[in-house]
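Results of the structural survey
Take a look at the letters that make up each chain.
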Amino acid sequence: MKEVSLPGESEDRLTESNVKAGSRAIVIGGSMAGLLAAKVLSGHYGEIIVIERDELQDRPANRPGVPQDHHPHRLQHLGKGVLETLFPGWREDLLAQGAYEREGKEMHLISPLASLQFPYEKDEGCSRPLLEWVIRRRVAAEPRIQVLQGHEAVSLLTRKKGNKLAVTGAKVKEKRCSDSRDLEAALVVDASGRYSRLPAWLEELGCGKPDTEILHTRLAYSTRYYRIPESLKDRYSTVLIEGDPSLAEGSGVFSPIEGGLAETTIYGAGGHYPPVDPARYEPAAAKLIHPMLAEILAQLEPVGNPRGFRVPECRLNPYGAMPEWPSGLLAIGDSICSFDPIYGQGISVAAAEAMEMGKALQEAGRESDPRWELHLQQRFGKIILPAWWTIVVADLRWPGVTYEGSLSGRGIRFCQEYLDIVRRQALQGGDMELFGLMMGVQGLDLPPSALFGEEAVRMVVSRCKQEAWLEKQLDDGETLGCFLERSFPVFHPGSHAEANR
Ligand SMILES: Cc1cc2nc3c(=O)[nH]c(=O)nc-3n(C[C@H](O)[C@H](O)[C@H](O)COP(=O)(O)OP(=O)(O)OC[C@H]3O[C@@H](n4cnc5c(N)ncnc54)[C@H](O)[C@@H]3O)c2cc1C
């Protein structure tokens, strides 16, 4: 990994790189969103400095700045498409590092409604540290990108341009040292994740606070690794057992990864926390609605103890709606919106935002738009909204989950009942077309209108013979079109996957 020295420490290294004034960008945070942002920025700035608080190892390794990296991560098609665009051959890199090839293997989905088994298309199972390391290696090979590891951004540098505030860099501190230095840049991108200090920094700068939406999920994961003996290597592929949260039933997932290991997670929302005590882990697996996970684990050898992760809440900071937003500043990834991890959306949304940033950097007229950064945050908001809305609708079905935000209660209730109808038809009725639509919208591959648009609702309702139910949802004289318009947020064209490929 290349490292850069700070100005004052070794000016010659920076001069050597022949950085012209205004052509440096800084990215705060070197996790997935930061790496993707840095790669995109490298096409537009002479020098990109990624400031990362952790010391990074030159191998896949867990690290304190990404505490969720002990837990399973999967990518949606949207995210995979972006990775292939930015880092062609990334999947082959993963497989070469021993990632588990899922293509053609069976996925077992067991839910209270039905059990399904279907073959995987192109997909791979790997730990989160391996995924990040494969991408980081690619980023590190970019001549314009430098990673300042073991350093923390402690505040933003600013300047008033007329009556407008501009961010002009970041104050950076070496972790083990009390001195801080100023690092100037034409653009600062905050990719410091769900614990980002950006809301506090903005307030200190007099920009006010974002009108943060909060989904109180009270979710917890407990993840344990198991070694799969050579003799059983091809017997088990991914298993997902979904409990009914309204009955306080937990869920569990089993997924082979690199190194002959499998990740197993038991999770629950609404305050139903799975055990991290090793003696209680397998008994908890046996209490899931189906014995398959417990039966598999009984044949495997555990590696280490279970580790927990709690997600008390998910947050959306609608930065694009702030009246004051400094020029020279962007936020990306979990720093804007942290999702409920069970839907596996975070990296894919960050990837779509990075691509949107690339588009915006290329557009004519950028230089003449004094609010370019704010307008780009608004474009990120359009990418985020369908994913955020999907998790709010889905999670509010669970007792113990609450929401503070702007989405309409009427729309949410309608969608929950409608989704139950869709799920029953897809899973119990074996309607794979509806199953595909449902998974496509949840996986950000299809726009919400594919399932919740007027035409789609009519198709689903007639297919499921639920005309009487639909009739009851509408006020006297109200058309379905009006109802949907009033009850749903506006999902702009371009706010979903297709537009971000
Ligand atoms: C339990 C769990 C499971 C998940 N599963 C999935 C999944 O299956 N699929 C999926 O797509 N997403 C998943 N996510 C979300 C995913 O982890 C994030 O969306 C993804 O890592 C992108 O986040 P990020 O890069 O914005 O922030 P993070 O990954 O949180 O990284 C922030 C980085 O910034 C650094 N940093 C923080 N502050 C500073 C500072 N001041 N100065 C310098 N560096 C700083 C940190 O050290 C860290 O490297 C999951 C999340 C959780 C909690």
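Residues numbered from 1 in each chain as written. Predicted model: local features only at pLDDT ≥ 70, side-chain atom pairs only at ≥ 80, totals over all residues. Heavy atoms only, no water.

**Overview of the overall build of the protein chain**
- In terms of regular secondary structure, the protein chain is built from 16 helices and 20 strands.
- Scaling as 2.2 N^0.38, a compact globule of 501 residues should have a C-alpha radius of gyration of about 23 Å, and the protein chain matches this with 23 Å.
- Oriented by its inertia axes, the alpha-carbon framework of the protein chain measures out at about 70 × 65 × 35 Å.
- Out of the 501 residues belonging to the protein chain, those deemed buried represent 55%. (Helix = DSSP H or I, 4+ residues; strand = E, 2+ residues; numbered from the N terminus. Rg over C-alpha atoms; globule rule 2.2 N^0.38 Å. Buried < 20%, exposed > 50% of the residue type's maximum accessible area, 1.4 Å probe, protein only.)

**Structural notes on the pairing of strand β16 (residues 261–268)**
- Along β16, eight of the eight residues are buried, which leaves the element largely enclosed by surrounding structure.
- With eight bridges joining them, strand β13 (residues 219–227) and β16 adopt antiparallel strand pairing. Paired with Tyr225 across the two strands is Glu263, which belongs to β16.
- Of the pairings in the sheet, the one linking strand β15 (residues 251–256) to β16 comprises six bridges and is antiparallel in character. Counted as the bridge partner of Ser251 is Tyr267 from β16.
- Counted between consecutive antiparallel strands, the loop separating β15 from β16 contains four residues, among which Gly259 sits at a positive phi close to 70°. (Pairing = 2+ DSSP bridges.)

**Some details on the site of the ligand**
- In the vicinity of the ligand lie 33 residues, with Ser31, Glu52, Arg74, Arg128 and Asp334 positioned nearest.
- At 2.9 Å, a side-chain N or O of Arg63 approaches an oxygen atom of the ligand.
- Between an oxygen atom of the ligand and a main-chain N or O atom of Arg74, the distance comes to 2.7 Å.
- Here the ligand loses 97% of its free accessible area of 1000 Å² to cover by the protein chains.
- For the shell around the ligand, the elements supplying multiple residues, two or more each, are α2 (32–41), β2 (47–52), β8 (151–161) and α9 (346–362).
- The class makeup of the residues in the shell around the ligand is twelve nonpolar, twelve polar and nine charged. (Near = heavy atom within 4 Å. Polar contact = N/O pair within 3.5 Å; in protein donor to acceptor, adjacent residues only side chain to side chain. Areas by Shrake-Rupley, 256 points an atom, 1.4 Å probe, with all protein chains shown as cover. Nonpolar A, V, L, I, M, F, W, Y, C, P; charged D, E, K, R; others polar.)

**Digging into the sheet that holds β16**
- Spatially, β5-β4-β14-β15-β16-β13-β17 is the arrangement adopted by the seven strands of the open sheet, whose pairing is mixed. One side of each edge strand has no neighbouring strand; the edge strands of this open sheet are β5 (115–119) and β17 (301–311). Across the sheet, the mean angle from the axis of one strand to that of its neighbour is 15°, orientation sign disregarded.
- Helix-sheet contacts for helix α7 (residues 278–286) involve β13, β16 and β17, and the interaxial angle to β13 is about 100°. (Axes fitted to C-alpha atoms, helices over the stretch in contact; angles between N-to-C directions. Contact = heavy atoms within 4.5 Å.)

**Observations concerning α9**
- Here α9 contains 17 residues, and its C-alpha end-to-end distance of 25 Å stays within 8% of the 24 Å for a straight helix at 1.5 Å per residue.
- Among the 17 residues in α9, 14 count as buried, and that is most of the element. (Expected span 1.5 Å × (residues − 1).)

**As for helix α16 (residues 480–487)**
- Turning to α16, its buried residues number three or more, namely Leu480, Phe483, Leu484 and Ser487. What you see down the axis of α16 is that its buried residues fit within an arc of 95°, all on one side. Residues of α16 that are exposed and point more than 90 degrees away from the buried face comprise Glu485 and Arg486.
- In this structure, the buried residues of α16 make contact with α11 (409–428), α13 (449–452), α14 (454–463) and α15 (467–473). (Arc of directions from axis to C-beta.)

**Description of the sheet that holds strand β1 (residues 24–28)**
- The five strands are arranged β7-β2-β1-β11-β19 in an open sheet whose pairing can be described as parallel. Looking at the sheet topology across the chains shown, the edges are occupied by β7 (145–149) and β19 (329–331). On average, adjacent strands in this sheet sit at an angle of 20° to one another, irrespective of strand direction.
- In the packing of α2 onto the sheet, contacts are made with β1, β2, β7 and β11 (187–190), and the angle to β1 comes to roughly 170°.

**A look at the nonpolar core**
- Counting residues in hydrophobic clusters, the biggest one holds 136 residues, and the most contacted among them are Leu41, Met357, Trp388 and Phe414.
- Among the elements that take part in this core, helix α10 (residues 372–395) stands out by supplying 13 residues, more than any other.
- With near-sequence residues (within four places) excluded, Phe414 lies in contact with Val457, Trp469, Leu470, Gln473, Phe483, Leu484 and Phe488.
- Core analysis: the next-biggest nonpolar cluster, separate from the first, contains 19 residues, Tyr226, Val239, Ala284 and Ile296 among them. (Core = buried A, V, L, I, M, F, W, Y, C linked by side-chain atoms within 4.5 Å.)

**Quick look at the domain arrangement of the protein chain**
- Splitting the protein chain by domain gives domain 1 (11–72 + 132–211 + 316–390), domain 2 (102–125 + 218–311) and domain 3 (408–500).
- The gap between the C-alpha centroids of domain 1 and domain 3 is 35 Å. (Domains from an automatic or database assignment.)

**A closer look at the pattern of salt bridges**
- Here the structure, examined in full by the defined rule, presents 30 salt bridges.
- Glu132 is the partner of Arg128 in a salt bridge, and the nearest nitrogen-oxygen pair spans 2.9 Å. Note that Arg128 and Glu132 are positioned in helix α5 (residues 128–140) at a spacing of four residues, about one turn of the helix.
- You can call Arg128 buried: its relative accessible area is 3%.
- Of the charged contacts in the structure, one is a salt bridge between Lys233 and Glu230, with a shortest N-O distance of 4.0 Å.
- Since its relative accessible area comes to 61%, Glu230 is described here as exposed. (Salt bridge = Lys/Arg side-chain N within 4 Å of Asp/Glu carboxyl O.)

**Observations regarding the side chain of Ser111**
- You can see Ser111 is positioned in the loop between β4 (106–110) and β5.
- Not counting chain neighbours up to four residues away, the residues in contact with Ser111 comprise Glu242, Ile289, Arg423 and Leu427.

**Things to note about the packing of α10 against α11**
- Put simply, α10 and α11 touch, their axes get as near as 9 Å, and they point 75° apart. With respect to α11, the element α10 is oriented roughly perpendicular. Contacts from Trp389, Val392 and Val393 in α10 reach Ile412, Cys415, Gln416 and Leu419 in α11.
- Taken together, the residues of the contact of α10 with α11 break down into six nonpolar, one polar and no charged. (Parallel < 35°, antiparallel > 145°, perpendicular 65-115°, else oblique.)

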